[in-house]
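Structure at a glance
Here is how the chains run, residue by residue.
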Amino acid sequence: MQIGMMGLGRMGANMVRRLLRAGHECVVYDINPQSVAALVADGAVGAASMEEFVGKLARPRAAWLMLPAAITGRIVDQLAGLMEDGDTIIDGGNSNYRDAVDQAAKLSGKGLAYVDVGTSGGVWGLERGYCLMIGGPDEAVKRLDPVFAALAPGADAGDRPDPGAPTGAHPDKTAGTAPFGYLHCGPSGAGHFVKMVHNGIEYGLMAAYAEGMNILKAANAGKQKRAADAETTPLDEPRYYQFDIDLPAVAEVWRPGSVIGSWLLDLTADALKQDAELSQFGGRVSDSGEGRWTLKAAIDTGVPAPVLSSALFDRFSSQGESAFADKLLSAMRYAFGGHLEKPKA
């Protein structure tokens, strides 16, 4: 099947390579000519402009965008102006699901289908495949099934379709594509909504691993010399905190068989193995929007989400957004009790 790919960054380029490996024809465009040239060398058809990109796509066209959310809407509008009735635009970036709902309504009046695909897999997707959470009209999604199937991880032999199935049996695709790593979640907007919550959960999982490892790192606090002054809480019973825990080894032993084993833990173990002190990182943790949108949905629908909200607010603190509040706390302590602020460790 032919597919166009616009936005050839870390994920977009590897998605093209995975599609090429599966025998699909890929027309590619990016504002960086070197990115286009690299994929042409791998077998893709290059385009030097958006007009040429659309012109090289056979009708009914399918153009997949892997762009930052901040510019996706503008590019979709430009692309839609070049496309024709029956064509499909696919947004595989981390766009707000509300934008997908609105874009789909706007483009349907022009006879264009809009498919939103929450795409998870990161830089490892070329080999592992991509988890695809799809929203859009049934006909367009069905037509794109060969593309989704090629990008997704697929079902391994031994993945049982139900608890009673024999070992080595493949799931039955007619019963649904979820075991194969892709799912049509509903109408336009549903794909990005599911991906949004996926990323909110990701924030919580990452925070849990980070906080747990930090507690293990502090397990030798009883060996450390502590200041004896009014500004330092004494450590209660230091004999119980005499453990020098090998963090890389703990992360490794948790991987096989542990109930908290996961791909995120695999990546954590690898990072700690390379540098147990994580010296190349400063600790500023970015958030790209999905965590905020997840909490807004939780608030709008009245669903409690204390873990996800705590994880998001912790990221804000890491970005320095708590600095003024922290200064004000010190100012108040000094004002009512003359407490002098101690320097940070």
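Above this text you will find the structure in question.
Residues numbered from 1 in each chain as written. Predicted model: local features only at pLDDT ≥ 70, side-chain atom pairs only at ≥ 80, totals over all residues. Heavy atoms only, no water.

1. Some details on the packing of aromatic side chains
The following threshold applies: The criterion for an aromatic pair is that two Phe, Tyr or Trp rings (for Trp, the six-membered ring) have centres within 6.5 Å, with stacked assigned to planes under 30 degrees apart, edge-to-face to planes over 60 apart and tilted to the rest. Per the convention used, a helix needs a DSSP run of H or I reaching at least four residues, while a strand needs a run of E reaching at least two, with both numbered from the N terminus. Residue burial is assigned from relative accessible area. The probe radius is 1.4 Å, only protein chains are included, and a residue is buried under 20% of its type maximum, exposed over 50%, and partly exposed in between.
Evaluated as defined, the whole model comprises six aromatic pairs. With 6.1 Å between their ring centres and 70° between their planes, W64 and F148 make a pair best called edge-to-face. Pair noted here: W64 is in strand β4 (residues 62-65) and F148 is in helix α8 (residues 145-151), with a separation of 84 residues, a long-range link. Considered together, W64 and F148 belong to a single accessibility category, that of buried residues. Here W124 and W263 contribute two aromatic rings whose centre-to-centre distance is 6.4 Å and whose plane-to-plane angle is 85°, an arrangement assigned as edge-to-face. Of this pair, W124 sits in the loop between β6 (113-120) and α6 (125-128) while W263 sits in helix α11 (residues 263-274); the two residues are 139 residues apart in sequence, bridging distant segments of the chain. Given the relative accessible area of 30%, W263 is considered partly exposed.

2. Brief notes about the nonpolar core
Our working definition: Here the nonpolar core consists of buried residues drawn from Ala, Val, Leu, Ile, Met, Phe, Trp, Tyr and Cys, with membership extended through side-chain atoms lying within 4.5 Å. Contacts were defined at the residue level, with two residues in contact if any of their heavy atoms lie within 4.5 Å.
One finds I3, M5, V16, V28, W64, V115 and F148 to be the most contacted residues of the largest nonpolar core, which totals 34 residues. Residue contributions to this core peak at five residues, all from helix α1 (residues 10-21). With near-sequence residues (within four places) excluded, V115 lies in contact with T88, I89, I90, D91, I134, G135, G136, P137, A140, V141, L144 and F148. Counting residues in hydrophobic clusters, the runner-up holds 22 residues, among them V76, A80, M83 and A104.

3. Things to note about the pairing of strand β7 (residues 131-135)
Filter applied, for reference: Pairing between strands is defined by DSSP: at least two bridges between them are needed.
Extensive coverage of β7 is indicated by the burial of four of its five residues. Sheet topology note: the β6/β7 ladder contains five bridges and is antiparallel. Bridge assignment links D116 to a residue of β7, and that residue is G135. The sheet contact formed by β7 and strand β8 (residues 182-186) spans four bridges and is parallel. Bridge pairing in β8 places M133 opposite L183.

4. A look at the side chain of H192
Test applied: N or O atoms closer than or at 3.5 Å make up a polar contact, with two conditions inside protein: a donor-capable atom paired with an acceptor-capable one, and, for residues adjacent in sequence, both atoms drawn from side chains.
Here H192 shows up in helix α9 (residues 190-217). Looking at H192, the relative accessible area reads 2%, which means it is buried. A distance of 3.1 Å separates a polar atom in the side chain of H192 from a polar atom in the side chain of D91. Excluding residues within four positions of it along the chain, H192 makes contact with D91, G93, S95, Y97, A100, D116, V117 and G118.

5. Remarks on helix α12 (residues 290-301)
Note the threshold: Expected span of a helix, by definition, is 1.5 Å for each gap between consecutive residues, and there is one gap fewer than residues. Note that the arc is computed from the directions linking the helix axis to the C-beta atoms.
With 12 residues, α12 should reach 16 Å at 1.5 Å per residue; the first-to-last C-alpha distance of 16 Å fits that figure. The set of residues buried in α12 consists of E290, G291, T294, L295, A297 and A298. The buried side chains of α12 occupy one side of the element, clustering within an arc of 155° when seen end-on. Contacts from the buried residues of α12 go to α9 and α13 (306-318). A positive phi of about 70° marks G302, the residue just after α12.

6. Some details on a nonpolar patch on the surface
We count it as follows: Residues enter patches when they are more than 30% accessible in relative terms and free of salt bridges; like-charged ones are connected within 9 Å and nonpolar ones (Val, Leu, Ile, Met, Phe, Trp, Tyr) within 5 Å. For every accessible area listed, the method is Shrake-Rupley and the probe measures 1.4 Å; residues are considered covered only by the protein chains on display. Here, a salt bridge means any Lys or Arg side-chain nitrogen found within 4 Å of an Asp or Glu carboxyl oxygen.
There is a patch of nonpolar side chains on the surface, built from F324, L328, L329, M332 and F336 and spanning about 580 Å² of accessible area. By relative accessible area, L328 is classed as partly exposed at 42%.

7. Digging into the packing of α9 against α12
The cut-off we apply is this: Interaxial angle, 0 to 180 degrees, is taken between N-to-C directions of lines fitted to C-alpha atoms, where a helix line uses only the stretch in contact. Should an angle fall under 35 degrees it is taken as roughly parallel, and over 145 as roughly antiparallel, whereas 65 to 115 is taken as roughly perpendicular and any remaining angle as oblique. Here the nonpolar group is Ala, Val, Leu, Ile, Met, Phe, Trp, Tyr, Cys and Pro; Asp, Glu, Lys and Arg are the charged ones; every other residue, Gly included, is treated as polar.
Running from N to C, α9 and α12 cross one another at 105°; their axes reach a closest spacing of 8 Å. When the axis of α9 is compared with that of α12, the two are roughly perpendicular. Two secondary-structure elements touch here, α9 through F193, M196, V197, N199, G200 and Y203 and α12 through E290, G291, W293, T294 and A297. A breakdown of the residues in the contact of α9 with α12 according to their chemical character gives six nonpolar, four polar and one charged.

8. Some words on the packing of α9 against helix α10 (residues 247-254)
For the record, the criterion: Handedness of a helix crossing follows the sense of rotation of the near helix relative to the far helix, less than a right angle counterclockwise being left-handed and clockwise being right-handed.
Where α9 contacts α10, the axes come no closer than 10 Å and their chain directions differ by 135°. Judged by the inter-axis angle, α9 sits oblique to α10. The two elements α9 and α10 meet at a crossing, and its hand is right-handed. Listed contacts from α10 to M213, L216 and K217 of α9 are L247, V250, A251 and W254. The class makeup of the residues in the contact of α9 with α10 is six nonpolar, no polar and one charged.

9. With respect to the environment of L308
Among the structural elements, L308 can be located in helix α13. In this structure the C-alpha to C-alpha distance between L308 and L205, which are 103 residues apart in sequence, comes to 8.9 Å. For L308, the contacting residues outside a window of four places in its chain are G200, I201, G204, T294 and L295.

10. Some thoughts on the sheet that holds strand β1 (residues 2-6)
Pairing between sheet strands relies on hydrogen bonds along the backbone, with the strands arranged either parallel or antiparallel. Read across the sheet, eight strands follow the order β3-β2-β1-β4-β5-β6-β7-β8 without closing on themselves; strand pairing throughout is mixed. Single-partner strands in this sheet number two, and they are β3 (45-46) and β8. In this sheet, β6 lies alongside strand β5 (residues 88-91) in parallel orientation, the contact comprising four bridges. Looking at the pairing, I90 lines up with V115 of β6. Most of the contacts of α1 go to β1, to which it runs at about 165°, and overall it touches β1, β2 (25-29), β4 and β6.

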